[in-house]
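If you want the building blocks of each chain, they are given just below.
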Amino acid sequence: MELSGNICIQSTAPISPGNSGGPLLNAAGTHVLGVNFAKAADSSAENINYVIPAWRVRQIIHRHLHDEKEAAAKAKADAEAAKKLEADRAAARARREAKAAAASAASVARIRELFATVDTDESGTIEASELLELIKSLNIKYPKITNGLILPNNESDANQIMDSLDLDHNGNLDEEEFIVWVRKGLKQTKMERIKEQEKHGLEEKIENFMFTIASILRKDWNIPISTTINIINDE
């Protein structure tokens, strides 16, 4: 029979309150027949009790142990998966950081090469006259890049740019100052530069100028630094 969802057998062995859950033994006391489960609620019924059979108890225990084992295996698998995921993410971060570091180093190397090219007198600094020659070269040799951008175009502009970029105010532009401004230009796209030309003032001309140099160097244009140097040298 079935009682409260449990398969039961009926027993007439007396059960006192608090004894449920104990074993029901055979007459010889050598085998467990089941586990006492409940007694009849009808007070007129004497010694009518219900027992979960031993085979059913074994079945429940085995299922519980199996479920527990499966749960432990799943927890272990989940932990290993989480560990692998974290390791993969760490490896991906490391690759991104290494790639960024390599790209940064490469961009700085290119900027240094361009600086050396513009520094025609090899003084280690760029003078206003050298800056003006660079501006002329950009306008002539790179119309695709400079089209739509308002750039410096005369000696007065070159002198004002020099004043603005010369962070230490010593009258010329050293390599580190040049790198700072070109890398700033690398952070923008051409459309962003065109949209920001509302003032048409010197500040916009300066940023457009540095953006143009950055565009020549950036990977998107696929122009090797050696080609860039040769073109500027031709000027």
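Residues numbered from 1 in each chain as written. Predicted model: local features only at pLDDT ≥ 70, side-chain atom pairs only at ≥ 80, totals over all residues. Heavy atoms only, no water.

Undergrad: Just give me the short version of the overall build of the chain, but keep the residues and values in it.
TA: From N to C terminus, the chain includes 8 helices and 8 strands. When burial is assessed residue by residue, the chain has 33% of its 235 residues classed as buried. Long-range contacts, defined as pairs at least 24 residues apart, comprise 59% of the intrachain contacts of the chain with a sequence gap of at least 6. Summed over all atoms, the accessible surface of the chain reaches about 14,600 Å², with 55% contributed by carbon and sulfur. (Helix = DSSP H or I, 4+ residues; strand = E, 2+ residues; numbered from the N terminus. Buried < 20%, exposed > 50% of the residue type's maximum accessible area, 1.4 Å probe, protein only. Contact = heavy atoms within 4.5 Å. Areas by Shrake-Rupley, 256 points an atom, 1.4 Å probe, with all protein chains shown as cover.)

Undergrad: For the sheet that holds strand S5 (residues 32-39), give the residues involved together with the corresponding values.
TA: Pairing is antiparallel in the open sheet, where 4 strands are placed in the order S3-S6-S5-S4. Edge positions in the open sheet fall to strand S3 (9-11) and strand S4 (23-25), since each of these has one partner strand only. Sheet twist, expressed as the average angle between the axes of neighbouring strands with direction ignored, equals 45°. As paired elements, S4 and S5 share 3 bridges and run antiparallel to each other. (Pairing = 2+ DSSP bridges. Axes fitted to C-alpha atoms, helices over the stretch in contact; angles between N-to-C directions.)

Undergrad: Please provide a residue-by-residue account of the nonpolar core, values included.
TA: The biggest cluster of nonpolar side chains holds 32 residues, and the ones touching the most others in it are Ile 126, Phe 178, Phe 209, Met 210 and Ile 213. Contributions of two or more residues to this core are made by helix H1 (54-118), helix H2 (128-141), helix H4 (155-165), helix H5 (175-185) and helix H7 (202-217). For this core, the element with the highest residue contribution is H7, accounting for 7 residues. Apart from the residues lying within four places of it in its own chain, the contact partners of Phe 209 are Leu 131, Leu 134, Ile 135, Leu 138, Leu 151, Pro 152 and Ile 161. (Core = buried A, V, L, I, M, F, W, Y, C linked by side-chain atoms within 4.5 Å.)

Undergrad: How would you summarise the side chain of Asn 49 if you had to cite specific residues and measurements?
TA: The topology assignment puts Asn 49 in strand S6 (residues 49-53). What makes Asn 49 buried here is its relative accessible area of 1%. Not counting the four nearest positions on each side in its chain, Asn 49 is found in contact with Ile 9, Gln 10, Ser 11, Thr 12, Ala 13, Pro 14, Ile 15, Ala 38 and Lys 39.

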